[in-house]
Amino acid sequence: MIDDDAFDHLRRPTVTRPLLGLTILAVEDSLYACDALRLMCLHSGARLRRADCLKSARRHLQVYRPSVIFIDLGLPDGNGAELIEDLSRSTPRVGVILACSGDPFAENVALAAGADGFLAKPIANLGAFQHAILQHLPNDTRPSGLHPVRTDTIQPDAVAFREDMAFAAEILAGPLDLQAISYVTSFVRGVAMTAEDHVLEHAAADLALAQSKGLPIHGPMSRLARLAETRVQDAVAI
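Criteria and cut-off values
Residues numbered from 1 in each chain as written. Predicted model: local features only at pLDDT ≥ 70, side-chain atom pairs only at ≥ 80, totals over all residues. Heavy atoms only, no water. Helix = DSSP H or I, 4+ residues; strand = E, 2+ residues; numbered from the N terminus. Axes fitted to C-alpha atoms, helices over the stretch in contact; angles between N-to-C directions. Parallel < 35°, antiparallel > 145°, perpendicular 65-115°, else oblique. Left-handed = near helix turned anticlockwise from the far one by under 90°. Contact = heavy atoms within 4.5 Å. Nonpolar A, V, L, I, M, F, W, Y, C, P; charged D, E, K, R; others polar. Phe/Tyr/Trp six-rings, centres within 6.5 Å; stacked < 30°, edge-to-face > 60°. Buried < 20%, exposed > 50% of the residue type's maximum accessible area, 1.4 Å probe, protein only. Lys NZ or Arg CZ within 6 Å of the ring centre and 35° of its normal. Polar contact = N/O pair within 3.5 Å; in protein donor to acceptor, adjacent residues only side chain to side chain.

### Description of unusual backbone geometry
For the bond from Thr91 to Pro92, the omega torsion is 0°, close enough to zero to count as cis. Topologically, Pro92 is positioned in the loop between helix 4 (80-89) and strand 6 (96-101). Cis geometry marks the peptide bond from Lys121 to Pro122, where omega comes out at 5°. Topologically, Pro122 is positioned in the loop between strand 7 (117-120) and helix 6 (126-134). Residue Glu196 is not a glycine yet carries a positive backbone phi of 55°.

### Some points on the packing of helix 8 (residues 178-195) against helix 9 (residues 198-212)
Interaxial distance between helix 8 and helix 9 falls to 8 Å at its minimum, and their mutual angle equals 155°. The orientation of helix 8 relative to helix 9 falls into the category roughly antiparallel. For the crossing formed where helix 8 meets helix 9, the hand is left-handed. Residues Leu178, Ile181, Ser182, Thr185, Val188, Arg189, Ala192 and Met193 of helix 8 lie in contact with helix 9, whose contacting residues are Leu200, Glu201, Ala204, Ala205, Leu207, Ala208 and Gln211. For the contact of helix 8 with helix 9, a count of residues per class yields 10 nonpolar, three polar and two charged.

### Focus on the packing of aromatic side chains
This structure, assessed with the given rule, holds five aromatic pairs. When the centroid spacing of 5.6 Å and the interplanar angle of 15° are considered together, the rings of Phe70 and Phe129 count as stacked. On the criterion of sequence distance, the pair formed by Phe70 in strand 3 (residues 68-72) and Phe129 in helix 6 is long-range, its members being 59 residues apart. Per residue, the accessibility class of Phe70 equals that of Phe129, and both read buried. In textbook terms, an aromatic cluster arises when at least three aromatic residues are bridged by ring pairs, as seen for Phe167, Tyr183 and Phe187. The ring of Tyr64 has Arg49 sitting right over it, with the charged end atom 4.1 Å from the ring centre.

### Some points on the side chain of Ser30
Within the secondary structure, Ser30 sits in the loop between strand 1 (23-27) and helix 2 (31-44). At a separation of 3.0 Å, a polar atom in the side chain of Ser30 contacts the main-chain amide nitrogen of Ala33. Apart from residues lying up to four places away in sequence, Ser30 is in contact with Arg50, Asp164, Phe187 and Val191.

On their own, these measurements won't tell you what the molecule is for.
This is the structure:
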């Protein structure tokens, strides 16, 4: 029989790996954004699991209870605020519930639903990622003593970016209703912000603006589809 207590010190947070021992569930539809979270967890000592939609997240939560959950608000099968509201009322509660979005106005929605905190996309700074979690953890689960403020900027895998663009291009090539257009526009804009692809970001913003104002969307949508397809074909996408 193995005495787990003998190995507790190996799972306790340290100043260099302040999230050691935590399991983080990322409810995130973008592979590129999730790869950024994966790298930040790797540097911080946390374990990461991913759900790409609300349905998948609920399946995960039936099996285990993560220490921290990151929930993107724009998901293919609904608004992440629905899951935040459910989790904030559940017992036992997930220790830390954090929301993320490329829409700055989403913060109020997330906090009103019961999120402990909000991170605006792109989430690329390791120190900001660690601080967002540590400030909401109980004192006995934080590393003791001072720890250096990490300013590292994470660069996710370009292959994940291209896979996201392939996903968006496939949606844009098919028949779309208004809900699907809103989703793919938000998805592409979030990925573009994470990748700092300003041309793609502006194209997504133009489509969102046209849709919100009731203007013709064929032109902006065709442009966004062309840009997404170009990035799929580009061997060095970013």
